[in-house]
Amino acid sequence: MQNKSMPPTPYYQIDIANLKQNLVVVKRLCDLSGAKALLALKCFATWGVFEDMKPYLHGTTSSSLNEVRLGKEEFGEDKETHAYSVAYSTDEIDEVLTYADKIIFNSFNQLHAFKDKAQAKAVPVGLRINPKTSNSSFIIADPARPFSRLGEHDIEKIKPVIDQITGVMIHNNCENDSFEAFSESLSDIENKFGELFYQLEWVSLGGGIHFIAADYPLEMLASRLKDFSEKYGVQVYLEPGEACIHNAAKLVTTVLDTLHNGKPLAVVDASIEAHMLDLLIYRETAPLVQLNDQTSHITSEQTDNSTIIYGKSCLAGDIFGEYALDQPLKIGDKVAFGNAAGYTMVKKNWFNGVAMPAIVICDEKGELKVQKTFAYEDFKASLS
Ligand SMILES: *Cc1c(COP(=O)(O)O)cnc(C)c1O
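Residues numbered from 1 in each chain as written. Predicted model: local features only at pLDDT ≥ 70, side-chain atom pairs only at ≥ 80, totals over all residues. Heavy atoms only, no water.

(A) Structural detail: a nonpolar patch on the surface. A surface patch of nonpolar side chains, about 290 Å² in accessible area, is lined by I139, I140 and I281. Along the chain, I281 turns up in helix 11 (residues 277-281). (Patch = residues over 30% accessible without salt bridge, like charges linked within 9 Å, V, L, I, M, F, W, Y side chains within 5 Å. Areas by Shrake-Rupley, 256 points an atom, 1.4 Å probe, with all protein chains shown as cover. Salt bridge = Lys/Arg side-chain N within 4 Å of Asp/Glu carboxyl O. Helix = DSSP H or I, 4+ residues; strand = E, 2+ residues; numbered from the N terminus.)

This is the structure we're talking about:
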């Protein structure tokens, strides 16, 4: 398996074939439903593969000035660029409006402060609304958490501004793989806000719908969205992040050391905190994958003899996971962790100064191209 042409580890490997598998499903959903799909850049912003993604998507959506600029520059040609932020500053709003095809404000204050600037530039304006219900199993990622700041919820206060907006955005799903739960939640939204939708041109239903799962009833979702769109006379947008890139990358590492302390231990040349931070935040285990395969993975398992794979930062709990392996790991072995595209590359950091994984692209023929490497100068330049 150790192929001489493999780049030095650590590196993130994006597999175009896997990426396209997801995107074909996204496009099919759009074709069947009439919805438009915008890549949520906060999940995945590795722009070196945007050319491969463009044919399947209608554009991008963003959470900041930097993201909306990247969306416009690297994905924007003939595509839509949506701007959203929890809060824009007065300093950045003019520049945001030069990139945005639509701008979605998070609150009445933001709407009142900036809507005239948007209208002067003929950028359609939207408002984020919060139905106060959600499908999210993590409180940290729950837009409907108590006292949430994510969007306005009071319909009596939204009605007076309805003629200042052309659409609304609602994002209240997180890796929701149940069509029934999604549909019920949409009904709840319709009960609360439906009367407003007749006066709008578009409704964005956000991301977090795990419709790329093999057993997801895609046709049912498509007809639910189509009916919704026809009932209110609105263009539906979806903002998939994870669904676009699920299982489309892995983090490839090398075992640098092995120890034994009650159980076999291995230390690899990457770090969970620096390179797969979400797993630490959500206390999840990295799936182990074969180097030449994305799907077959060894799931985590804790036995007397299972191996704990550690990262090389000095954080005591820098653990990728614990796995029952057929053979003990040896120094020099390659180890790959799956699902390393979403909320992963966008969060990498220089903790401990650990070498930053390169970005490698595996094309549909299986050929690897090193897209980007990082060096000491990048570490140094990230501080001053
Ligand atoms: C995070 C986010 C998304 C993308 O969510 P996924 O779970 O990655 O699909 C879309 N829209 C908004 C407003 C978001 O905050």
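(B) Broad picture of the environment of V236. Tracing the chain through its elements places V236 in strand 9 (residues 235-238). Sequence spacing of V236 and T254 is 18 residues, and the spatial spacing of their C-alpha atoms is 45 Å.

(C) Up close: the packing of aromatic side chains. All chains considered together, the criterion is met by 12 aromatic pairs. Where W350 meets F379, the ring centres are 5.6 Å apart and the plane angle is 50°; that geometry is what we call tilted. One end of the pair, W350, is in the loop between strand 16 (334-337) and strand 17 (358-362); the other, F379, is in helix 12 (residues 376-381), and 29 residues separate them in sequence. Against the face of W202 rests K102, its NZ or CZ located 5.5 Å from the ring centre. (Phe/Tyr/Trp six-rings, centres within 6.5 Å; stacked < 30°, edge-to-face > 60°. Lys NZ or Arg CZ within 6 Å of the ring centre and 35° of its normal.)

(D) Here's a closer look at the domain arrangement of the protein chain. According to the domain assignment, the protein chain contains domain 1 (34-245) and domain 2 (249-340 + 348-381). With seven residues of domain 1 at the interface, the matching set in domain 2 holds seven residues. In this assembly, domain 1 packs against domain 2 so that about 550 Å² is buried in total across both faces, 64% of it on carbon and sulfur atoms. Per-residue buried area on domain 1 facing domain 2 is highest for G48, F138 and I140; these three make up 50% of the total on that side. Along the contact surface separating domain 1 from domain 2 lie zero salt bridges. Counting the contacts that link domain 1 with domain 2 gives zero residue pairs in polar contact (both at pLDDT 80 or more). Broken down by class, the residue content of the side of domain 1 that touches domain 2 amounts to four nonpolar, two polar and one charged. (Domains from an automatic or database assignment. Contact = heavy atoms within 4.5 Å. Buried area = accessible area lost by both parts, 1.4 Å probe. Polar contact = N/O pair within 3.5 Å; in protein donor to acceptor, adjacent residues only side chain to side chain. Nonpolar A, V, L, I, M, F, W, Y, C, P; charged D, E, K, R; others polar.)

(E) Inspection of the packing of helix 3 (residues 65-75) against helix 4 (residues 90-99) at higher detail. Relative to each other, helix 3 and helix 4 sit at 20°, their axes nearing to 9 Å. By the angle class used here, helix 3 and helix 4 are roughly parallel. With respect to the hand of their crossing, helix 3 and helix 4 are arranged in left-handed fashion. Taking contact as the criterion, the partners of L65, V68, R69 and K72 in helix 3 are, on helix 4, E92, E95, V96 and Y99. Per-class residue counts for the contact of helix 3 with helix 4 are four nonpolar, no polar and four charged. (Axes fitted to C-alpha atoms, helices over the stretch in contact; angles between N-to-C directions. Parallel < 35°, antiparallel > 145°, perpendicular 65-115°, else oblique. Left-handed = near helix turned anticlockwise from the far one by under 90°.)

(F) Region of interest: the site of the ligand. All residues in the neighbourhood of the ligand are listed as A40, K42, M169, H171, G207, G208, E239, P240, G241, E242 and Y343. Within the backbone of G208, an N or O atom sits 2.7 Å from an oxygen atom of the ligand. E239 places a side-chain nitrogen or oxygen 2.6 Å from a nitrogen atom of the ligand. In isolation the ligand has 390 Å² of accessible area, and contact with the protein removes 88% of it. Here the residues of the shell around the ligand sort into four nonpolar, four polar and three charged. (Near = heavy atom within 4 Å.)

(G) Structural view of the sheet that holds strand 3 (residues 59-61). Strand order in the closed barrel formed by eight strands is 2-3-4-5-6-7-8-9, and the pairing between neighbours is parallel. Neighbour-to-neighbour, the strand axes of this sheet turn through a mean angle of 25°, independent of strand direction. As judged from the three bridges shared by strand 5 (residues 102-105) and strand 6 (residues 125-128), these two strands associate in the parallel manner. Counted as the bridge partner of F105 is L127 from strand 6. (Pairing = 2+ DSSP bridges.)

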